[in-house]
Amino acid sequence: ILNVEQSPQSLHVQEGDSTNFTCSFPSSNFYALHWYRWETAKSPEALFVMTLNGDEKKKGRISATLNTKEGYSYLYIKGSQPEDSATYLCASPSGYSTLTFGKGTMLLVSP
Amino acid sequence: NAGVTQTPKFRVLKTGQSMTLLCAQDMNHEYMYWYRQDPGMGLRLIHYSVGEGTTAKGEVPDGYNVSRLKKQNFLLGLESAAPSQTSVYFCASSSMGFNYGYTFGSGTRLTVV
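Residues numbered from 1 in each chain as written. Chains lettered and ligands numbered in written order. Predicted model: local features only at pLDDT ≥ 70, side-chain atom pairs only at ≥ 80, totals over all residues. Heavy atoms only, no water.

Engineer: Provide a residue-level description of the environment of A:L107, including the pertinent values.
Structural biologist: Structurally, the position occupied by A:L107 is in strand 11 (residues 105-110). Linking A:L107 and A:K58, residues 49 residues apart in sequence, is a C-alpha distance of 18 Å. (Helix = DSSP H or I, 4+ residues; strand = E, 2+ residues; numbered from the N terminus.)

Engineer: How would you sum up the packing of aromatic side chains? Please name residues and give values.
Structural biologist: Inspection of every chain in the model, using the stated rule, returns 18 aromatic pairs over all chains. Ring centres of A:F101 and B:F104 lie 6.0 Å apart, and the angle between their planes is 65°; on these two criteria the pair is classed as edge-to-face. One end of the pair, A:F101, is in strand 10 (residues 99-101); the other, B:F104, is in strand 10 (residues 103-104), on a second chain. In this structure, A:F101 and B:F104 share a single accessibility class: buried. Taken together, A:Y36, A:W38, A:F101, B:Y33, B:Y35, B:F90, B:Y102 and B:F104 form an aromatic cluster joined through their ring pairs. (Phe/Tyr/Trp six-rings, centres within 6.5 Å; stacked < 30°, edge-to-face > 60°. Buried < 20%, exposed > 50% of the residue type's maximum accessible area, 1.4 Å probe, protein only.)

Engineer: For the pairing of strand 4 (residues 33-38) of chain A, give the residues involved together with the corresponding values.
Structural biologist: Across a regular strand the side chains alternate sides, sitting on one face of the sheet and then on the other. Residue and element names in this part refer to chain A. Summarising burial for strand 4: 6 of the 6 residues are buried, a large majority. Direction of pairing for strand 4 relative to strand 5 (residues 45-50): antiparallel, over a ladder of 5 bridges. Paired with W35 across the bridge in strand 5 is F48. Here strand 4 folds back onto strand 5, and the loop between the two strands holds 6 residues, one of which, A41, carries a positive phi near 70°. Pairing geometry for strand 4 and strand 9 (residues 86-93), over 5 bridges, is antiparallel. From the neighbouring strand, H34 faces strand 9, where its bridge partner is A91. (Pairing = 2+ DSSP bridges.)

Engineer: Describe unusual backbone geometry, listing the residues and the values that go with them.
Structural biologist: Residue A:S7 is joined to A:P8 through a cis peptide bond whose omega torsion reads -5°. Positionally, A:P8 belongs in the loop between strand 1 (5-7) and strand 2 (10-14). Of note, the amide linkage connecting B:T7 to B:P8 takes the cis form, showing an omega dihedral of -5°. Position of B:P8 relative to the elements: it lies in the loop between strand 1 (4-7) and strand 2 (10-13). A positive phi is found at A:A41, a non-glycine position, where the angle reads about 70°.

Listed below in structure tokens is the structure:
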């Protein structure tokens, strides 16, 4: 089973703070790295799919970077808002057609 | 577009009962998956399918069966429910290849008493 690790497990910030969290994955035979946003009582939604070393993706105040050689990706949120509160998952391919998900980073943004 | 639809949304079963969870997608995706979500465990893959008529085991397949008779539907069966199968079940679908993100259903909360 592929090991996808996320840190920290949870994070509590104030509105307006910028924050970041980490996803670590095996760097050998890299294919892609996915980020998902999972709000409470909803289903995970894809944020980014990253495939190239040095790739940087951005969606509004959220951005992600990728280092395939050392096996990590960072997710950044600039100026966090309460609506950013969610669990952020990363996932890496674990076989021919499946993803292994990390356990997620739970973010709580207080007004 | 409905995306991925799961039915039912909630269910309570008695130990030993059987049931089928239905997943339907309208995006013409080749790949479909069933995951379970348990506290502290993350999403774990139960079974998956890479096309109509195909299925394969994931990380935690014991106690479950699946079928994909039509491309748009992926069924997850519990033959004899056990309390350890109390969980939230998510279905997902995707296009071929890892360049595409998964689209998830809204989940089924199953309690086995």
